[in-house]
Amino acid sequence: RVNTAELQKASRLILQIDVIDLPSQEQSQSQSQSSQRQELMRKLQTLCDLHPKAHAKLVTLPYGAVHSKKSSSASSSSSAAGTTAVNRIPNERNVSTNVRKNVLIFGSGFVSKPVIDYLSHSGNNMITVATNDERSAHQLTVHNEYCQAVPFDVCSDDLEAIIAQHDIVVSLLPATMHIPIAKCCIKLQRDLVTASYISDEMRQLNEDAVDANVLLLNECGLDPG
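Remember, it's a predicted structure, so these values are computed and weren't measured experimentally. (Residues numbered from 1 in each chain as written. Predicted model: local features only at pLDDT ≥ 70, side-chain atom pairs only at ≥ 80, totals over all residues. Heavy atoms only, no water.)

(A) Layout of the environment of C220. Its place among the elements puts C220 in the segment after β6 (216–217). Sequence separation of C220 and A195 is 25 residues, and the distance between their C-alpha atoms is 4.7 Å. Residue contacts for C220: discarding those within four places in its chain leaves V193, T194 and A195. (Helix = DSSP H or I, 4+ residues; strand = E, 2+ residues; numbered from the N terminus. Contact = heavy atoms within 4.5 Å.)

(B) Broad picture of the sheet that holds β6. Spatially, β3-β2-β1-β4-β5-β6 is the arrangement adopted by the 6 strands of the open sheet, whose pairing is parallel. Strand pairing shows two members of the sheet lacking a second neighbour, β3 (147–151) and β6, which therefore form its edges. Of the pairings in the sheet, the one linking strand β5 (residues 191–194) to β6 comprises 2 bridges and is parallel in character. The partner of V193 across the bridge, within β6, is L217. Contacts from helix α4 (residues 112–120) reach β1 (101–106), β2 (125–131) and β3 within the one sheet, and its direction differs from that of β2 by about 160°. (Pairing = 2+ DSSP bridges. Axes fitted to C-alpha atoms, helices over the stretch in contact; angles between N-to-C directions.)

(C) How the structure looks around the pairing of β2. The buried fraction of β2 is high, at 6 of 7 residues. Judged from the 6 bridges that link them, β1 and β2 form a sheet pairing that is parallel. Along β2, the bridge assignment pairs L104 with T128. Between the parallel elements β1 and β2, the chain passes through α4 in a crossover that is right-handed. The sheet contact formed by β2 and β3 spans 5 bridges and is parallel. If you follow T131 over to β3, its bridge partner there is P151. The parallel pair β2 and β3, bridged by helix α5 (residues 134–141), forms a crossover whose chirality is right-handed. (Buried < 20%, exposed > 50% of the residue type's maximum accessible area, 1.4 Å probe, protein only. Right-handed = clockwise from strand over helix to strand, strands pointing away.)

(D) Spotlight on helix α7 (residues 178–188). The complete set of buried residues in α7 reads H178, I179, I181, A182, C184, C185 and I186. Positive backbone phi, approximately 60°, marks Q189, located one or two places after α7.

(E) Representation of α4. When we look at burial in α4, the residues that qualify are S112, I116, L119 and S120. One side of α4 holds all its buried residues, which, seen down the axis, span an arc of 100°. Packing partners of the buried residues in α4 comprise β1, β2, α5 and β3. (Arc of directions from axis to C-beta.)

(F) The arrangement of the pattern of salt bridges in detail. Evaluated as defined, the whole model comprises 3 salt bridges. R42 is the salt-bridge partner of E39, the closest N and O atoms lying 2.7 Å from each other. Of the two residues, E39 and R42 are both situated in helix α2 (residues 27–50); the distance of 3 residues between them amounts to about one turn of the helix. Residue classification places E39 among the partly exposed positions, given a relative accessible area of 32%. Owing to a relative accessible area of 47%, R42 belongs among the partly exposed residues under this scheme. (Salt bridge = Lys/Arg side-chain N within 4 Å of Asp/Glu carboxyl O.)

Take a look at the structure:
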């Protein structure tokens with residue numbers, strides 16, 4: 001059953017298919033049911049593979065497992081009543097089970113949109129786009145409730161102040177502008193992700209990053225986007 005009103009607002013749809021084997025005394029019929037189930041799984045996996053941008057995933061659940069949006073309190077009460085709680089798929093949009101992260105993205109170019117879309121997918125990240133291009137920033141954030149834009153110039157504004165307000169930094173600026181950002185991240189112990197190749201200047205910061213227990217993850221994804 002699909003609630004079309006909820007589906008229009010959702011960024012994700014979980015479809016559970018229950019396959020029930022009919023009781024059978026004959027081994028041949030049981031093997032036939034198993035073969036049919038495997039064939040169904042193969043077709044579903046093919047359907048997932050045909051739409052890579054949909055991020056479709058096929059998951060085989062243990063027998064009796066169900067997906068539910070109900071809170072864990074329902075499971076607790078069931079256990080208290082003497083019934084066995086079933087396995088459940090965690091709801092990734094439930095902020096009570098996932099720590100919300102404040103993500104800072106420098107840059108609002110072509111690479112920024114897919115990054116913002118990806119980080120917004122779970123609903124557990126709050127994203128700030130720091131850029132000096134107000135028009136592109138508005139286009140990226142206007143329809144995204146998990147994203148905001150702030151005017152910022154890396155060359156003249158206070159890097160430490162804005163980085164300190166976030167948990168992780170993604171720099172989508174030209175590679176030459178990563179270094180001052182990386183130095184601030186090391187000082188403030190914030191992890192940094194970029195899509196650029198590792199420059200000699202960035203490589204020289206490796207020891208300081210290790211000492212500060214900071215991750216400088218470069219060459220992540222495809223650049224240009």
